[in-house]
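Architecture at a glance
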Amino acid sequence: MSDIPLGVLDLVPIPSGATAADALRNSVELAQRTEEFGYARYWFAEHHLNPGVAGTSPAVVLALTAAATSTIRLGSGAVQLGHRTALSTVEEFGLLDAVYPGRLDLGLGRSGGRPPAEKAAAPTTTPVVDGRAPNGLVVPPRFSFTRLLGSPRFALHRKLLLLPNAESQDYAEQIDDILALIAGTYRTEDGVEAHIVPGEGADVEVWILGSSGGESAQVAGERGLRFAANYHVSPATVLEAVDGYRAYFQPSDDLDKPYVSVSADVVVAEDDATARELATGYGPWVRSIRTAEGAIPFPTREEARAHVWTDEDRELVQDRLDTQFVGSPQHVADRLEQLQEATGADELLITTITHDQADRVRSYELLAAEWRRR
């Protein structure tokens, strides 16, 4: 399994009692340490209006982190294109590539002020029986995001991210514009060229992130781009996502065959009991996201235990709890092997949140050491 690289996905979480500045310092330190541990990539997510998440601008956090690291690849997981333009995106990553050439991954996602408009997914070829893939991987029932998308907070999210009366560009068209601007081949219908300095010719890897086998998987596959599927966000649709991407894939100048990364929520400690203790705050934290309140600062164990759970609360988070990999290095590595086998992933992307920074760093350290042994 050491042939399957491990990467890091960081939301820049703010622990309860800490500040955004503390979270940023923690993330830079974690990038430095995971570089030492041998992780291949370090990606920053983009989230807005979340009291417990400081990762609002991947490009800014990447600039801070690139200055403090030297070899690990750095990227966005993902820039949310629903409220951005192709030009602004390529310019930002062009600036980063000018200073840190050859180290950047430009991960692109559809959301960010964009109302849902998912196209029909390609058929899933991997059977799921009684909530499990053929090799036993847990594939829970599909979670409905209707409540989230219909919430006043989602409407506010869109209002504050988009300029008045602005409309998001068609996603596939936007991806094509980004690729053309980087390649230096952009032309309008009237034949007007656009050349970006810096940005044109940037040595960045372009990735598409997706949670289903719909539009994102199709765009990535048809353009021969790398694809990252989100087991940690939507475990019910991960097989659909990777199967759809592979069904749509067409070779490109960059890739001659599909290339997939799959994410997982992970907490590792010396033994299973300690890991479960460290993961205590995960349930209330996911609940805050799923109720559309916005991610709360990651709670202490005591704060988490004080939460009074209702049946509705448990229903909101059960799929995420069932698919979080928590335990000893051996236990978690076994679960990650199962995820890799079920999805055929070429890489795995690990996201770990604990209240205390030392526990978070140690989790990545223990996992890396176990992974190298396999």
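Residues numbered from 1 in each chain as written. Predicted model: local features only at pLDDT ≥ 70, side-chain atom pairs only at ≥ 80, totals over all residues. Heavy atoms only, no water.

**Quick notes on unusual backbone geometry**
Residue G77 is joined to A78 through a cis peptide bond whose omega torsion reads 15°. Residue placement: A78 occurs in the loop between strand 3 (73-76) and strand 4 (79-80). Between V197 and the following residue, P198, the backbone shows a cis peptide bond with an omega angle of -10°. Here P198 shows up in the loop between helix 6 (171-183) and strand 6 (204-210). At N165, a position not held by glycine, the phi torsion is positive, near 70°. Assignment of secondary structure puts N165 in the loop between helix 5 (152-161) and helix 6. (Helix = DSSP H or I, 4+ residues; strand = E, 2+ residues; numbered from the N terminus.)

**With respect to helix 8 (residues 238-248)**
The element helix 8 is extensively covered by neighbouring structure, given that nine of its 11 residues are classed as buried. Within helix 8, burial applies to V238, L239, E240, A241, V242, D243, G244, Y245 and Y248. Looking at the buried side of helix 8, the elements it contacts are helix 7 (215-222), strand 7 (226-230), strand 8 (260-268) and helix 13 (329-343). (Buried < 20%, exposed > 50% of the residue type's maximum accessible area, 1.4 Å probe, protein only. Contact = heavy atoms within 4.5 Å.)

**Thoughts on the pattern of salt bridges**
With the rule as written, the count across this model stands at 28 salt bridges. A salt bridge links R305 to E277; the nearest nitrogen and oxygen atoms lie 2.5 Å apart. Of this pair, R305 sits in helix 11 (residues 301-305) while E277 is found in helix 9 (residues 272-278), placing the two residues 28 residues apart along the sequence. Residue class for R305 comes out partly exposed when judged on its relative accessible area of 47%. The shortest N-O distance in the salt bridge between R374 and E337 comes to 3.0 Å. Of the two residues, R374 is situated in the segment after helix 14 (357-373) and E337 in helix 13; the sequence distance between them amounts to 37 residues. A relative accessible area of 26% places R374 in the partly exposed class. Here the salt bridges share partners, and the residues they tie into one network are R41, R73, D105, E205, R226, D254 and E347. (Salt bridge = Lys/Arg side-chain N within 4 Å of Asp/Glu carboxyl O.)

**A look at the nonpolar core**
Counting residues in hydrophobic clusters, the biggest one holds 77 residues, and the most contacted among them are L108, V262, L336 and L348. Setting aside its immediate chain neighbours within four residues, L348 contacts I4, P5, L6, G7, S261, V262, L336, L339, Q340 and W371. Membership of the second largest hydrophobic core comes to 19 residues, among which are L9, W43, V286 and A295. (Core = buried A, V, L, I, M, F, W, Y, C linked by side-chain atoms within 4.5 Å.)

**Quick word on the confidence of the model for the protein chain**
Across the protein chain, the average pLDDT comes to 94, with 97% of residues at or above 70. In the predicted structure, residues 113-117 sits below a pLDDT of 50 and forms 18 contacts with residues beyond four places in sequence or in another chain. (pLDDT = per-residue confidence, 0-100.)

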